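# Report on the structure
So you can see what is in the structure, the chains are spelled out below.
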Amino acid sequence: MKKETSSAKTSSKPKGNEKKVSAKKKADSHPDTPAIKGVEVTNQTSEQMTNHAPDQLTNQSVPPVPSDGLIAETTKPQTASNFPIDALPSRLQEIIREANATLGFPVDYMAGAMLSAMAAVIGNTHHAEAMTGWKEYVILFVALVGCPGVCKSHPLSYVMQPLIDHDAEKATQFAEALKRYNAAMELPPKERVANGYDLNPIEPRRVRFMMQDVTNEAVHRILSENRRGLILMYDELAGWVKNFNRYNNGSESEFWMSVFNHKVAMSDRKGSQSGVFIRNPFLCVIGTIQPKVLTDLAAGNRNANGFMERILYVFPSDQTKPKWNRSRRMSSFDIAAEWRRILSRLIDIVPKVDADGEIISEDVPFSSDALDRLYQWQNEQTDRCNADGSDTLTSIASKLEIYAIRFSLLLALADWACGSEKKQIDVDTVERAICLTEYFRSTASKVQGIISEDALTELQLSVLSELPDSFTTAEGMAIAGKCGMSERSFKRFLKDRKGVLFVHSAHGNYSKL
């Protein structure tokens with residue numbers, strides 16, 4: 001989002017058709033520095049490793065994954081990433097780095113997809129309480145943001161393949177059960193038992209983890225039939241919101257915000273035989289999106305009602321299109337098999353259910369020092385929000401506080417899936433959760449900057465382009481005055497865009513992001 005100094009000096013007031021170009025430039029050049037810092041988000045090289053899981057992968061001699069001519073190949077791993085993969089269990093780190101080195105999958109997209117897949121299969125089986133009575137579940141809304149051709153879709157499909165295979169097997173079982181059910185219902189009741197059927201057969205339901213390309217109405221029905229939880233996957237995330245408000249204004253946004261909060265969801269649509277009632281909705285969302293389409297995602301008041309702040313944006317700094325290379329090295333172990341094995345431990349969890357068939361979730365407790373650290377971090381961020389006075393950053397921070405708890409729960413269960421004996425959230429788990437949260441704070445600010453600049457008036461764009469990288473309030477007012485903006489309007493511009501376009505570096509001093 002920073003402008004080149006020479007450009008700032010020579011540019012005149014931008015024309016209306018230059019707004020999109022400015023937003024595109026932001027997507028390519030915006031630094032991933034959090035506007036509010038709690039911990040340092042570190043870059044990882046392909047050789048760095050931490051030991052969050054007790055055991056390491058064993059190298060196996062396996063054939064290389066064949067190239068289909070579509071998956072990007074690189075001779076060297078693409079290590080330019082701000083995603084803190086050292087927050088993940090070491091076995092997941094190994095998978096991510098190996099996929100990056102041998103398949104060319106960007107680290108950020110692999111990590112974001114893996115978090116989402118694990119969250120989906122955990123579903124309603126576990127929860128965590130940071131306060132008595134306040135239960136959080138690992139519901140994640142994730143957007144893999146990137147320019148065309150940067151390899152977003154392939155890692156997403158690769159990571160989700162075990163869920164696709166699971167659902168395919170369950171679909172086959174469902175088809176057989178449905179065939180048997182229909183055969184039983186064709187017989188008179190008195191003949192069913194004699195022919196090996198139940199007297200009153202129960203209509204089977206299709207068990208699944210994934211949904212793709214479904215209408216919003218179908219989402220309600222499928223979710224009501226799968227009480228453990230689901231993940232909705234879109235190759236193009238814009239498809240998620242294209243049918244919002246199809247039936248009545250605001251209804252779909254409200255439904256999704258209710259799902260995010262794990263609150264009761266109800267749907268009463270005209271033409272339905274009965275309404276849908278979901279007591280404990282669990283539904284993750286993941287998809288890819290290009291930076292230039294982010295404004296569509298934010299349309300319809302979704303950037304004002306808290307919807308956009310509920311999304312976690314995986315947004316790598318490196319947006320260059322990778323090259324293919326036939327000389328890429330062979331994998332040192334079976335990446336897909338190891339990922340499937342870890343995910344299967346979570347899939348194989350068999351939760352308890354109550355008399356109504358609702359899942360009884362298991363509590364994963366925080367240790368006392370873990371709660372102390374979580375509360376300390378939240379208080380520090382709250383102080384910064386109150387000092388900055390930015391409504392945008394405060395809204396982002398409020399949702400990330402929720403995600404910090406969810407990440408703590410998700411990482412604890414990821415550790416367990418990778419071999420840890422206990423399901424518990426200790427202080428190390430919280431520190432890693434905070435690290436993830438700070439990454440997503442930086443990307444949320446980056447996304448808000450793109451959306452904000454795209455919505456600027458020509459006068460605001462002109463002032464923004466004329467401002468140097470660092471300036472005082474007085475210097476800014478002088479530049480704004482030359483562009484035709486009043487002192488009052490400039491101060492409001494600074495306040496409204498603080499943390500999105502500008503950072504308040506010191507008293508009376510600002511820097512452009």
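If you're wondering where the values come from, they're calculated on a predicted model, not measured in any experiment.

### Brief notes about the overall build of the chain
Regarding its fold elements, the chain presents 17 helices and 15 strands. Here the chain holds 513 residues, and the buried ones make up 53% of them. A fraction of 78% describes how many contacts in the chain between residues 6 or more apart in sequence connect residues 24 or more apart. Summed over its atoms, the accessible surface of the chain is roughly 23000 Å², and 50% of this surface lies on carbon and sulfur atoms.

### Quick notes on the packing of aromatic side chains
For the coordinates displayed, the defined rule picks out 14 aromatic pairs. Residues phenylalanine 83 and phenylalanine 440 carry aromatic rings whose centres are separated by 6.1 Å and whose planes lie at 85° to one another, so their mutual orientation is edge-to-face. Remark: phenylalanine 440 occurs in helix H14 (residues 427–454) and phenylalanine 83 occurs in the loop between helix H2 (19–29) and helix H3 (90–103); sequence separation between them is 357 residues. This pair shows no difference in class: phenylalanine 83 is buried, exactly as phenylalanine 440 is. Seen from their ring centres, phenylalanine 260 and tyrosine 403 are 5.5 Å apart, and the 75° between their planes marks the pair as edge-to-face. Taken together, the positions of phenylalanine 260 in helix H9 (residues 251–260) and tyrosine 403 in helix H13 (residues 391–417) put the pair 143 residues apart, joining distant regions of the chain.

### What to know about the sheet that holds strand S2 (residues 134–136)
The strand order S2-S1-S12 describes an open sheet built from three strands, whose pairing is mixed. In this open sheet, the two strands that pair with only one neighbour each are S2 and strand S12 (362–363). Bridging between strand S1 (residues 126–131) and S2 involves three bridges; their strand directions are antiparallel. Within the sheet, the bridge partner assigned to methionine 131 lies in S2 and is tryptophan 134.

### A few points about the pairing of strand S3 (residues 141–145)
Counting buried residues in S3 gives five out of five residues, a clear majority hidden from the surface. Taken together, the five bridges between S3 and strand S8 (residues 283–289) define a ladder with parallel strand orientation. For phenylalanine 141, the partnering residue across the bridge sits in S8 and is valine 285. With three bridges connecting them, S3 and strand S9 (residues 312–314) associate as parallel partners. Its bridge partner lying in S9, alanine 143 is registered against tyrosine 313.

### A word on helix H11 (residues 335–347)
Counting along an α-helix, one turn takes 3.6 residues, and residues three or four places apart therefore face a common direction. Taking 1.5 Å of rise per residue, the 13 residues of H11 would be expected to cover 18 Å, and the 18 Å separating its terminal C-alpha atoms lies within 8% of that figure. Of all the residues in H11, the buried ones are Ile335, Glu338, Trp339, Ile342, Leu343, Leu346 and Ile347. In this structure, the buried residues of H11 make contact with H3, helix H4 (107–122), helix H5 (153–185) and H13. Capping of H11 at its N-terminal end is provided by aspartate 334; its side-chain oxygen lies 3.4 Å from the backbone amide nitrogen of alanine 336.

### Some points on the pattern of salt bridges
Evaluated as defined, the whole model comprises 13 salt bridges. Across the salt bridge formed by arginine 329 and glutamate 98, the nearest N and O atoms sit 3.0 Å from each other. Note that arginine 329 is positioned in the loop between S9 and H11 and glutamate 98 in helix H3, a separation of 231 residues in sequence. Classification of arginine 329 by relative accessible area gives partly exposed; the value is 38%. Between glutamate 438 and arginine 441 there is a salt bridge, with its nearest N and O atoms 2.9 Å apart.

### Overview of the confidence of the model for the chain
When pLDDT is low, close inspection of the predicted coordinates is not appropriate. Summarising the model, the chain shows a mean pLDDT of 81, and 80% of its residues fall at 70 or more. Under a pLDDT of 50 for its full length, residues 1–80 has, in the predicted model, 203 contacts with residues more than four places off or in other chains.

### Things to note about the sheet that holds strand S13 (residues 470–472)
The three strands lie next to each other as S13-S15-S14, forming an open sheet whose pairing is antiparallel. Unpaired on one side and paired on the other, S13 and strand S14 (502–506) mark the two borders of the sheet. Ignoring strand direction, the axes of neighbouring strands in this sheet form an average angle of 35°. Across four bridges, S14 lies against strand S15 (residues 509–512) in antiparallel orientation. Considered in S15, the bridge of phenylalanine 502 is made with lysine 512.

### Focus on H4
Between its first and last C-alpha, H4 extends 23 Å over 16 residues, near the 22 Å set by a 1.5 Å rise per residue. Taken across its 16 residues, H4 has 16 buried, putting it largely inside the fold. Once H4 finishes, glycine 123 follows within two positions and takes phi at roughly 55°, a positive value.

### Some details on the nonpolar core
By size, the foremost hydrophobic cluster in this structure holds 125 residues, and its most contacted members are Leu92, Leu140, Leu163, Trp240, Trp256, Tyr313 and Leu346. By residue number, the principal contributor to this core is H13, which donates 16 residues. Among all residues touching leucine 163, those that are not within four sequence positions of it are Ala117, Val121, Phe209, Met210, Ile231, Leu343 and Ile347. Phe471, Ala480, Leu494 and Tyr510 belong to the second-largest nonpolar core, a separate cluster that totals 17 residues.

Definitions and limits used
- Residues numbered from 1 in each chain as written.
- Predicted model: local features only at pLDDT ≥ 70, side-chain atom pairs only at ≥ 80, totals over all residues.
- Heavy atoms only, no water.
- Helix = DSSP H or I, 4+ residues; strand = E, 2+ residues; numbered from the N terminus.
- Buried < 20%, exposed > 50% of the residue type's maximum accessible area, 1.4 Å probe, protein only.
- Contact = heavy atoms within 4.5 Å.
- Areas by Shrake-Rupley, 256 points an atom, 1.4 Å probe, with all protein chains shown as cover.
- Phe/Tyr/Trp six-rings, centres within 6.5 Å; stacked < 30°, edge-to-face > 60°.
- Pairing = 2+ DSSP bridges.
- Expected span 1.5 Å × (residues − 1).
- Polar contact = N/O pair within 3.5 Å; in protein donor to acceptor, adjacent residues only side chain to side chain.
- Salt bridge = Lys/Arg side-chain N within 4 Å of Asp/Glu carboxyl O.
- pLDDT = per-residue confidence, 0-100.
- Axes fitted to C-alpha atoms, helices over the stretch in contact; angles between N-to-C directions.
- Core = buried A, V, L, I, M, F, W, Y, C linked by side-chain atoms within 4.5 Å.

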